[in-house]
Amino acid sequence: MNFDRMSAYYPVQPLLWNFLYPFFGEGSHERAQERVKAYIVDSPTKIQPGKNAIYLHIPFCDTICSFCPFIKSTKYEPIIGQYVDMLIREMEMIASSPVVQSLTFDVVFVGGGSPSVLTPDLIAKLSAAIKRNFTLAEDYEWTFECEAKSADEERVAAMVEGGANRGSFGVQTMNQHYRKMFNLTASYDEIYQTVETMGRYFQAYNLDLLYHLPGQSMEELMLDLKQVMALGTTSIDTYPLEYIVCAKGWLGKINRGILSQPPSPYEKIKYNQTVYDYLEQSGWTQKYVYTFMAPGHQQKRFKYGEVIYGGYEDQCIGFGTGAISYMQGICWGNEGDTKTYMQKLEAGELAVSRARSYHAYERKLVFFPKTMEIKKSYLKAFPIKDELLNKLDTMVDRGIVVENEDTYILHREARPWYQALLVDLIPESERPYYNRAVKSMQEELNWYEPVRVEV
């Protein structure tokens, strides 16, 4: 299997590949709260055993990074305490349901935004509410996302005292040119101090690295990768920049020639392969297509990844502004405006704005290009559509997927093409929702990046 063969199979690279599944379809805004209430009070199906996660969104940051697609604000001082109170109220409302009371949670993930802007007292208050409302597994994984300007020792200590055992820090890049471009204002000293503090307090800690940056050369990529590796961490998440979810104003600078163009689709695939090869040759273990465990830490898991890229039985309940929840047979999303989110909870309502009833039995297969392997026994356990199983067989015939006695494994040389494989495995019945989202984002952002793979 070589580049020419893969480009013949997948001549076009998608613009959007970080999505949660299933999608929200037509009518998802109608009677959304009623559908969620009906489900969590009296689930229409028996809950099958799986891994369960809680996600809490903290939509506040000290500064806004130009590439960031998540819901966030810098104007948090007057309302941050009230917001935590509403998070706790939402947890209490959801956790009181019989369905949720029956679950044991393997994962807690506090993301954002920058959760490290919470004061130590608010961190303690939120952590106590999590433990009070949910049953956690003995070997749970609890992550707090941190940012270098706010992750001081007092805050990190409060996270650990509250129950967290894993930290995550978005370094993104060590290149000063790109740090200025992305409005990454933390100093190098603050970066070093944050990594050192996380190393002392957390059992595991992760650093995020962005690449596929505008005008980024291979030499710049390799230097950035080496510098982030040298910081010291138990894992690195290597994320190719997804331009279609970046800020409109920032993309406008690329369109007007103020900033350089993104790498071409061919260069992006080449950069993916370079990152994977260098990390593996340096002794790092690829757990997911993004995630690499450091030498000596290859036994560690990333349980949150196991849930969000998991199967039908794996569930994640999201709390906070814009948070998304997936349970067996239903998905729902919260209000995307923090003021509206808090107003609804203050009025005693759930902050749900959309919901869809759908049994996504194929979810694990759709995410197979990210997890890189799937058991045959799993595929036999659920009523997965023949069209997707036929696509998997085609990938085997083409050498893209290796078939063992009990497992399908994504071929190492196919991993840099995972974005196209991921979209290829979306069922035809769900594809219109994906296509509609991409078209809407392109029109809103005026972003029409080249997608054809050409050397």
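Structure first, text after, so check above.
This report concerns the structure included in the present document. (Residues numbered from 1 in each chain as written. Predicted model: local features only at pLDDT ≥ 70, side-chain atom pairs only at ≥ 80, totals over all residues. Heavy atoms only, no water.)

**Some points on the layout of surface pockets**
(1) Moving on: Estimates place the volume of the second largest pocket at around 370 Å³.
(2) Moving on: Every residue lining the second largest pocket is counted, 20 residues in all, and those nearest its centre are K287, Y288, K364, T371 and E373.
(3) Moving on: When residues of the lining of the second largest pocket are traced back to their parent elements, those giving at least two are β13 (373-375) and β15 (407-410).
(4) Moving on: Per-element tally for the lining of the second largest pocket: the top contributor is β13, with 3 residues. (1 Å grid on protein atoms, 1.4 Å probe; cavity = no way out; pocket = protein on both sides within 12 Å on 5 of 7 lines; lining within 4 Å. Points joined across faces, edges and corners; volume = space filled by probe spheres on them. Helix = DSSP H or I, 4+ residues; strand = E, 2+ residues; numbered from the N terminus.)

**What to know about unusual backbone geometry**
(1) Moving on: Look at the link from Y21 to P22: it is a cis peptide, with omega at 10°.
(2) Moving on: One non-glycine residue, N183, lies in the positive phi region at around 60°.
(3) Moving on: Looking at the element boundaries, N183 is found in the loop between α7 (176-181) and α8 (188-201).
(4) Moving on: Located in the positive-phi region is M372, a residue other than glycine, with phi close to 75°.

**Looking at empty space enclosed by the protein**
(1) Moving on: What the rule picks out here adds up to 2 cavities of 30 Å³ or more.
(2) Moving on: When its volume is computed, the largest cavity comes out at roughly 140 Å³.
(3) Moving on: In terms of lining, the largest cavity is formed by 18 residues, of which the most central are Q13, P14, W17, P265 and K268.
(4) Moving on: Ranked by residues supplied to the lining of the largest cavity, first place goes to helix α11 (residues 265-281) with 4 residues.
(5) Moving on: Taken together, the residues that form the lining of the largest cavity break down as 10 nonpolar, 5 polar and 3 charged.
(6) Moving on: When its volume is computed, the second largest cavity comes out at roughly 80 Å³.
(7) Moving on: Lining the second largest cavity are P22, Y312, D314, Y326, M327, G329, I330, C331, Y358, H359, A360 and R363.
(8) Moving on: Listing elements by their share of the lining of the second largest cavity, those giving two or more residues are β10 (324-327) and β11 (329-334).
(9) Moving on: Counting residues per element, the lining of the second largest cavity draws most heavily on β11, at 3 residues.
(10) Moving on: When its residues are assigned to classes, the lining of the second largest cavity shows 8 nonpolar, 2 polar and 2 charged. (Nonpolar A, V, L, I, M, F, W, Y, C, P; charged D, E, K, R; others polar.)

**Thoughts on helix α2 (residues 32-41)**
Think of an α-helix as turning once every 3.6 residues; residues three or four places apart then point the same way.
(1) Moving on: Listed in full, the buried residues belonging to α2 are A32, Q33, V36, Y39 and I40. Each buried residue of α2 sits inside an arc of 130° when the element is viewed along its axis, so together they form one side. (Buried < 20%, exposed > 50% of the residue type's maximum accessible area, 1.4 Å probe, protein only. Arc of directions from axis to C-beta.)

**Considerations on the pairing of strand β4 (residues 166-172)**
(1) Moving on: Judged by how many residues are buried, β4 sits mostly within the fold: 6 of 7 residues are covered.
(2) Moving on: Pairing analysis gives 4 bridges linking strand β3 (residues 135-146) to β4, with the strands arranged parallel. Across the sheet, residue T143 finds its bridge partner in β4, namely R166.
(3) Moving on: When β4 meets strand β5 (residues 204-211), the two strands line up parallel, connected through 5 bridges. Residue pairing in the sheet places R166 in a bridge with A204 of β5. (Pairing = 2+ DSSP bridges.)

**What to know about the packing of helix α9 (residues 218-230) against α11**
(1) Moving on: For the pair α9 and α11, interaxial distance at closest approach is 11 Å and the crossing angle is 35°. Both α9 and α11 take part in a crossing whose hand is right-handed. Along the contact surface, α9 presents M218, L221, M222, L225, K226 and M229, while α11 presents K270, Y271, T274, V275, Y278 and L279. (Axes fitted to C-alpha atoms, helices over the stretch in contact; angles between N-to-C directions. Left-handed = near helix turned anticlockwise from the far one by under 90°. Contact = heavy atoms within 4.5 Å.)

**Remarks on the sheet that holds β15**
(1) Moving on: Here 3 strands make up an open sheet; going across it, the order is β13-β15-β14 and the pairing antiparallel. Two strands close off the open sheet at either side, each with one partner strand: β13 and β14 (401-403). The mean inter-strand angle of the sheet, taken between neighbouring strand axes irrespective of direction, is 15°.

**Concerning the environment of T104**
(1) Moving on: Relative to the helices and strands, T104 is located in strand β2 (residues 104-112).
(2) Moving on: Measuring from C-alpha to C-alpha, the distance between T104 and A137 comes to 5.9 Å, with 33 residues separating the pair along the chain.
(3) Moving on: Those residues in contact with T104 that lie beyond four places of it in its chain are N52, T135, L136 and A137.

**Re the nonpolar core**
(1) Moving on: In terms of nonpolar packing, the biggest core is built from 152 residues, with L56, L126, W250 and W332 touching the most fellow members.
(2) Moving on: Counting residues per element, this core draws most heavily on helix α3 (residues 80-95), at 9 residues.
(3) Moving on: Ignoring any residue separated from it by four or fewer positions in sequence, one finds W250 in contact with S66, M181, F182, P214, L241, Y243 and L259. (Core = buried A, V, L, I, M, F, W, Y, C linked by side-chain atoms within 4.5 Å.)

**What about the packing of aromatic side chains?**
(1) Moving on: Summed over the entire model, instances satisfying the criterion amount to 30 aromatic pairs.
(2) Moving on: Ring geometry for F134 versus F319: centroids 5.8 Å apart, planes at 55°, classification tilted. Separated by 185 residues along the polypeptide, F134 in the loop between α5 (120-133) and β3 and F319 in strand β9 (residues 315-319) bring together distant segments of the chain.
(3) Moving on: Residues F182 and W250 carry aromatic rings whose centres are separated by 5.6 Å and whose planes lie at 45° to one another, so their mutual orientation is tilted. Of this pair, F182 sits in the loop between α7 and α8 while W250 is found in helix α10 (residues 248-255), placing the two residues 68 residues apart along the sequence.
(4) Moving on: Taking the relative accessible area as the measure of exposure, F182 reaches 0% and is therefore buried.
(5) Moving on: Look at W250 and you get buried, because its relative accessible area is 5%.
(6) Moving on: The ring of Y358 carries R356 above its face, with NZ or CZ at 4.2 Å from the centroid.
(7) Moving on: The side chain of R363 reaches across the aromatic face of Y326, ending 5.7 Å from its centre. (Phe/Tyr/Trp six-rings, centres within 6.5 Å; stacked < 30°, edge-to-face > 60°. Lys NZ or Arg CZ within 6 Å of the ring centre and 35° of its normal.)

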